[in-house]
Amino acid sequence: MNPIPEKVSDLILEIKNLIGMPVGANAVMAVLESMGIREIDVVEDYQQESLATMATLIYNELLKEEYTDEEMNPSNLDVYVSSYEGFNKVKEGTKFYIKGLFSVLPVFLQIFCVVYFGYAIWVNVGFNDLQSTAVVLAVIWALILTGGFIQVIGRVGSYYWSSLQRVKSYIAMNRLFFKAARFVVFVLLFMNIVNFFLHLYPYIMMLIFSIYTFLISILLLSLALMYPIEKRWTILFSISVATSIALCLHFYTNIHVFITHWIGISIVILESFLVYKWSFKGVESQKKKDAKKFIRYGVIIYNNNLYFLYGVFLYILIFMDRFLAWSADRDNTVIPYIVYYEKDYEIGMDLSIIIFFLVAGVLEYSMHVFSKQLSVVLQKLDFYSLTVFKREFAYLYLRNLLVFLGTSLVAFLLVYSFMYYDWGYKSAFGESFPEISNKVLMYGSVGYFCLSWGMLNVLYMFRLNQPKNAVKIIILAVIIDFVVGALCSRMISYEYSVYGMLAGMLFFLLGSLYYNYKIFSRIDYYAVL
């Protein structure tokens, strides 16, 4: 038997000190990679054939080491894990599910206002098709333009806030916020210049579209600041106050509906900024000292570029079908503009997306429980049993999936009841549910179900620092959405662009399941990264 090189012996001791008894050779390989050891280093510096070979050698040597009873007793593992299965877990899980659902209550408030008042903070059922085109496109573009920045604000801001680095959190979020605002202004200027020469839309419509897009973008960015600093209550509070004021202005004054919307949105922005500034009181003086030595904005984006891309392409995937449906001719009628609002299609999509909002609480719950369990296993169980280790994570995923499926079923029943029972759509709008809306709703509901499940899978990838595959999947999903939707909406009828949306989101689900299976089959490797 060949003697073990001295450098490899040093690594064995170092890895034992780092993680104790590893769960397998994959865990050892993950630690070696995290230490910066490359394949070329293995051959030249450690006289081994490959990184995998050296990881196996180290793991086999560590098996021969002596460990304490606590490290070597697999029953300790079961006892500790099972201790997390009790009342506290249920209590904490319920709290985080409600917390996640609480985040989407403002959306349901807007839906309630539309159903009972015909008006919400940026919606008015009295809009004509051209006005609706301007406002709905403004909402879509605001989400697409800010989606990437919101992902990075949440990730970077939460990291510094949770590690009690308040100054860095404030500097990072400020820079990202204002960079995003400048980016939105730049894109809107570009759109208006193009429209000036090509005259794709009336100039007044583009002006209205630009104001709505800018204000809604700032609103979304302002509310994004509330998540890292744990002030989510501000979102519901500010939107409730702003909606109440806007409703009063709309019904009891002669102010134009556009102005009432802009006032309402501005109130949300103002309230959010006041809470944001209050949360960082005392930081302003330190900010000037630390701003120069803080990492540059470009570095922040570069380090989080995959999360940024995911945020952008997520909203492109969600809204691609609208662009395709609204740009296709309808019933042998040529549409007056390049993209033009269609009411029946939008009704179906608006109702189907409710399913996504209703299961949002599951995403919050699942991420909390997964992070908690991961910490338990990594910090307390010293990687003894690979079988138990993998079993716990499989059980965790299946448990979260059951909660997700149960919530989705409830969401489907609620939407179905609103469609077909007298107290629902017919009572609110005085007409039966349109046939085209019904078709779009059916396929759209399944699509948003697939999207929600796929996003649940992506959260696990993010938690285990594997965003690359998530971005790859969502870009391919967007391409499938576009190709299938374009063909169906042009060759059959405009409403069949929903087939593209369904195909893209189904691919997103299947792709995320595939990569999650790969990750969970080597959880001992990815959990250490």
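Residues numbered from 1 in each chain as written. Predicted model: local features only at pLDDT ≥ 70, side-chain atom pairs only at ≥ 80, totals over all residues. Heavy atoms only, no water.

> I tried to follow the overall build of the protein on my own but got confused; where do I start?
Counting secondary structure elements, the protein contains 24 helices and two strands. When contacts within the protein are restricted to residue pairs at least 6 apart in sequence, those whose partners lie at least 24 apart make up 81%. Per element, the accessible surface of the protein, about 25,100 Å² overall, is 64% carbon and sulfur. (Helix = DSSP H or I, 4+ residues; strand = E, 2+ residues; numbered from the N terminus. Contact = heavy atoms within 4.5 Å. Areas by Shrake-Rupley, 256 points an atom, 1.4 Å probe, with all protein chains shown as cover.)

> It is not clear to me how helix α16 (residues 305-326) should be interpreted in this structure. Could you clarify?
Since the α-helix packs 3.6 residues into each turn, any two residues three or four apart lie on the same face. The first and last C-alpha atoms of α16 sit 31 Å apart over 22 residues, in line with the 32 Å expected at 1.5 Å per residue. Maximum bend of α16: about 45°, positioned at F319. Counting buried positions over the 22 residues of α16 gives 16, a clear majority of the element. (Expected span 1.5 Å × (residues − 1). Bend = angle between axes of the 7 residues up to and from the residue. Buried < 20%, exposed > 50% of the residue type's maximum accessible area, 1.4 Å probe, protein only.)

> What is the right way to look at the side chain of T133 in this model?
With respect to the helices and strands, T133 occurs in helix α9 (residues 129-162). Owing to a relative accessible area of 0%, T133 belongs among the buried residues under this scheme. Look past the residues within four positions of T133 in its chain and what remains in contact with it is Y201, M205, V339, Y340 and Y341.

> Sorry if this is basic, but what is going on with the nonpolar core here?
General note: in soluble globular proteins, nonpolar side chains tend to be found buried as a group. Membership of the largest hydrophobic core comes to 127 residues, with the highest contact counts inside it found for Y212, Y310, W326, Y448, L451 and F508. Here this core gets 17 residues from one element, more than from any other, and that element is α9. Apart from the residues within four sequence positions on either side, Y448 is in contact with I318, R322, M349, S352, I353, F356, M501 and M505. Residues M29, I37, A55 and L62 belong to the second largest nonpolar core, which totals 17 residues. (Core = buried A, V, L, I, M, F, W, Y, C linked by side-chain atoms within 4.5 Å.)

> Honestly, the environment of F127 in this entry has me stumped. Any pointers?
Here F127 is to be found in the loop between β2 (123-124) and α9. On the basis of relative accessibility, which here comes to 11%, the residue F127 falls in the buried class. Spatially, the C-alpha atom of F127 lies 9.3 Å from that of V257, the residues being 130 residues apart in sequence. Those residues in contact with F127 that sit more than four places away from it in its chain are S132, V135, Y212, V257, F258 and H261.

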